[in-house]
Amino acid sequence: MPMNTPLSPEMTGYSTPDPLRLAFSGKTSAHVNNRPKPLTPEQQVTTWQRLIAEPGETGKRLAYFHIPFCRTHCSYCGFFQNASKPGLIEQYVDALIREIEITATSPRIQASPIHAVYFGGGTPTDLTPEQITRLGDAIRQHLPLSNDCEMTFESRFSGLTDEKTTACMEAGFNRFSLGAQTFNTQIRRKMSRIDPREVLLERLDHLVSLDQASVVIDLLFGLPYQTLDTWAEDLYTLINSGVHGADLYQLVLHGSSRMAKSIEKGSMPEPAGNAMKADMFLTGLDILGRHHFNRVSVSHWARDTRERNIYNHCVKAGAEIVPFGSGAGGNIGGHGIMMHRSLEPYFGMIAAGRKPIMAMNAPKPMRQLHNVIGGGFDLGWLDLNHIQRTTGYDVATHCAPLFDAWVNNGLAEYKGDFLELTLAGQFWNINMNQGLIHYLESSPLEELAA
């Protein structure tokens, strides 16, 4: 056991009578940052060629497709890439199909099934029905999809026509993920979301009535102008809509977003603080729990067995992700990969028959351990015995000082072989995951002898 590892409040949280609201100063990121080491352009080329020539690793695999076009730039978003232009999107679809063909011939891609496909963006909503069909056909023709593959089409509400939903289902999509964020028309307009409440409800009613796919929505809490009452109204609207699943995310303000700049200028009020977000978190647990939604992760809920949440959980558990498209991110053999975000180099490299890689990172040390830990935090517990069996690391002993501090600070509880997060720990799970990574960096452990 490390005896002199310094424990900071960033790792342990603060000792406070109210850990839900005060254990950490704030949530600064939506995801854990592992501070990877970048590879040089020359290393990227040779590493990619080596990786795709290998059969790869066991475990669930994913494919992510990025459609980098948006009709509007939402005020809270810091990821806008390209305005939607029909001719440019058609050129992009041609290139994306070619990228599928280039990538799919490799031994690694064909070695084992892909269990989940995710179309994100930007927004795939700006694809035409014909383009959706072409891409779906190319995916099913070239990629080794598992028999029960979860295929998600991420969409906004505006522009998701009946023709597009039909094309999605005929193309093999069996899950729709829609970014509602809030049903409140006034708050939506403040965020540059153009669809009023009535449009959202009509589209959800149509999708649910088809009874052909899981329908999932995202809701954000902690938005400017949002109150506990408007948040509760959103939750009851979610329940009454008939959707099969929902993600409840707290707002993490991106400094580059228009919302952040508007708040800085004083033209928009501050978003909710930690105390209000904590109250909203508890409200979500209470209302969805009383209506017997099943909590499948710390942030994701399912009404019934149609919603599986395969892609989102596997990402947090470190699954291999094959990236496709400009701006797509992935993970092959532990190497973080980013495709070119600018369309010009993306088109040029596809035309040359090359994977359009912009950046690649080396695998993080002890990545299997980090993956198991990440999956555990997503579910709300760490199975300490399972971690030792699968990784060879006695984390329970090595990290006991940190785990004990979490227990003392009201963030976790020991229950047999499990370290379970309390409600406060679930609220602060990203901070705790990041804190554990920093602890392991400052106090490296050795692999157990066989």
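The rules we used
Residues numbered from 1 in each chain as written. Predicted model: local features only at pLDDT ≥ 70, side-chain atom pairs only at ≥ 80, totals over all residues. Heavy atoms only, no water. Buried < 20%, exposed > 50% of the residue type's maximum accessible area, 1.4 Å probe, protein only. Helix = DSSP H or I, 4+ residues; strand = E, 2+ residues; numbered from the N terminus. Pairing = 2+ DSSP bridges. Right-handed = clockwise from strand over helix to strand, strands pointing away. Axes fitted to C-alpha atoms, helices over the stretch in contact; angles between N-to-C directions. Expected span 1.5 Å × (residues − 1). Salt bridge = Lys/Arg side-chain N within 4 Å of Asp/Glu carboxyl O. Parallel < 35°, antiparallel > 145°, perpendicular 65-115°, else oblique. Left-handed = near helix turned anticlockwise from the far one by under 90°. Contact = heavy atoms within 4.5 Å. Phe/Tyr/Trp six-rings, centres within 6.5 Å; stacked < 30°, edge-to-face > 60°. Lys NZ or Arg CZ within 6 Å of the ring centre and 35° of its normal. Core = buried A, V, L, I, M, F, W, Y, C linked by side-chain atoms within 4.5 Å. Disulfide = S-S within 2.5 Å.

Draft legend 1. Broad picture of the pairing of strand S7 (residues 214–221). Burial analysis of S7 places 8 of its 8 residues in the buried class, which makes it a mostly covered element. The alternating pattern of S7 places Ser-214, Val-216, Asp-218 and Leu-220 on one face and Val-215, Ile-217, Leu-219 and Phe-221 on the opposite face, and all of these are buried. Bridge count for strand S6 (residues 175–181) against S7 is 5 bridges, and the pairing is parallel. Opposite Phe-176, over in S7, you have Val-215 as the bridge partner. Here S7 runs beside strand S8 (residues 245–250); their pairing, made up of 6 bridges, is parallel. From the neighbouring strand, Leu-220 faces S8, where its bridge partner is Tyr-249. One crossover worth recording links S7 to the parallel S8 by way of helix H10 (residues 228–241), and it is right-handed.

Draft legend 2. Structural view of the sheet that holds strand S16 (residues 412–415). What the 3 strands build is an open sheet, ordered S15-S17-S16; its pairing is antiparallel. A single partner strand is all that each edge strand has here, and the edge strands are strand S15 (381–383) and S16. Going across the sheet, the axis of each strand differs from the next one's by a mean of 20°, ignoring polarity. Bridging between S15 and strand S17 (residues 418–421) involves 3 bridges; their strand directions are antiparallel. Within the sheet, the bridge partner assigned to Leu-382 lies in S17 and is Leu-419.

Draft legend 3. Focus on helix H4 (residues 86–104). Its 19 residues give H4 an end-to-end C-alpha distance of 27 Å, which sits within 8% of 27 Å, the value for a rise of 1.5 Å per residue. Among all positions in H4, only Ile-89, Tyr-92, Val-93, Ala-95, Leu-96, Ile-97, Glu-99, Ile-100, Ile-102, Thr-103 and Ala-104 are buried.

Draft legend 4. Quick peek at the pattern of salt bridges. Applying the stated criterion across every chain yields a total of 23 salt bridges. The partner of Arg-175 in a salt bridge is Glu-150, with the nearest N and O atoms 3.8 Å apart. You can see Arg-175 sitting in strand S6 and its partner Glu-150 sitting in strand S5 (residues 145–155), a full 25 residues away along the chain. Just as Arg-175 is buried, Glu-150 falls in that class too. Its salt-bridge partner being Asp-211, residue Arg-306 comes within 2.7 Å of it at the nearest N-O pair. One end of the pair, Arg-306, is in the loop between strand S10 (300–302) and helix H13 (310–316); the other, Asp-211, is in the loop between helix H9 (197–210) and S7, with 95 residues separating them in the sequence. Assessed through its relative accessible area of 31%, Arg-306 is described here as partly exposed.

Draft legend 5. Region of interest: the packing of helix H18 (residues 400–408) against helix H20 (residues 429–442). Following both chains from N to C, one finds H18 and H20 inclined at 155°, their axes separated by 10 Å at the closest point. The angle between H18 and H20 places the two elements in the roughly antiparallel class. Both H18 and H20 take part in a crossing whose hand is right-handed. Where H18 abuts H20, its residues Pro-401, Leu-402, Phe-403 and Trp-406 lie against Met-432, Gly-435, Leu-436 and Tyr-439.

Draft legend 6. Region of interest: the packing of aromatic side chains. Applying the stated criterion across every chain, the model contains 17 aromatic pairs. Relative to Tyr-92, the ring of Phe-69 lies with its centre 5.4 Å away and its plane at 80°, an arrangement referred to as edge-to-face. With a gap of 23 residues between them, Phe-69 in strand S2 (residues 69–70) and Tyr-92 in helix H4 connect regions that are remote in the sequence. There is no split in this pair, since Phe-69 and Tyr-92 are both buried. Aromatic pair Phe-153 and Phe-173: ring centres 5.4 Å apart, planes at 75°, arrangement edge-to-face. One end of the pair, Phe-153, is in strand S5; the other, Phe-173, is in the loop between helix H7 (162–170) and S6, with 20 residues separating them in the sequence. Taken together, Phe-65, Phe-119, Phe-153, Phe-173, Phe-176 and Phe-324 form an aromatic cluster joined through their ring pairs. The ring centre of Phe-324 lies 4.2 Å from the NZ or CZ of Lys-355, which sits over that ring.

Draft legend 7. Quick peek at H10. Counted at 1.5 Å a residue, the expected span for H10 with its 14 residues is 20 Å, and the 20 Å between its end C-alpha atoms agrees. For H10, the set of buried residues is Thr-230, Trp-231, Ala-232, Asp-234, Leu-235, Thr-237, Leu-238, Ile-239 and Ser-241. Lining the buried residues of H10 we find S6, helix H8 (185–190), H9, S7, S8 and helix H12 (274–290).

Draft legend 8. Broad picture of the nonpolar core. Grouped together as the largest cluster of nonpolar side chains are 113 residues, with contacts concentrated most on Phe-65, Phe-119, Ile-217, Leu-238, Trp-406 and Leu-436. The dominant element in this core, judged by the number of residues it contributes, is H4, at 8 residues. Once you skip the residues sitting within four places of it in the chain, Phe-119 turns out to touch Phe-65, Ile-67, Pro-124, Leu-127, Leu-135, Ile-139, Thr-152, Phe-153, Glu-154 and Phe-173. Counting 8 residues, the second-largest nonpolar core is a separate cluster that includes Leu-223, Met-259, Ile-263 and Met-268.

Draft legend 9. Representation of the state of the cysteines within the structure. Across all of its chains, the model carries 0 disulfides by this definition. You can see Cys-314 has no disulfide; the closest cysteine sulfur is in Cys-149, sitting 11 Å from it. On the accessibility criterion, Cys-314 (11% relative accessible area) is buried.

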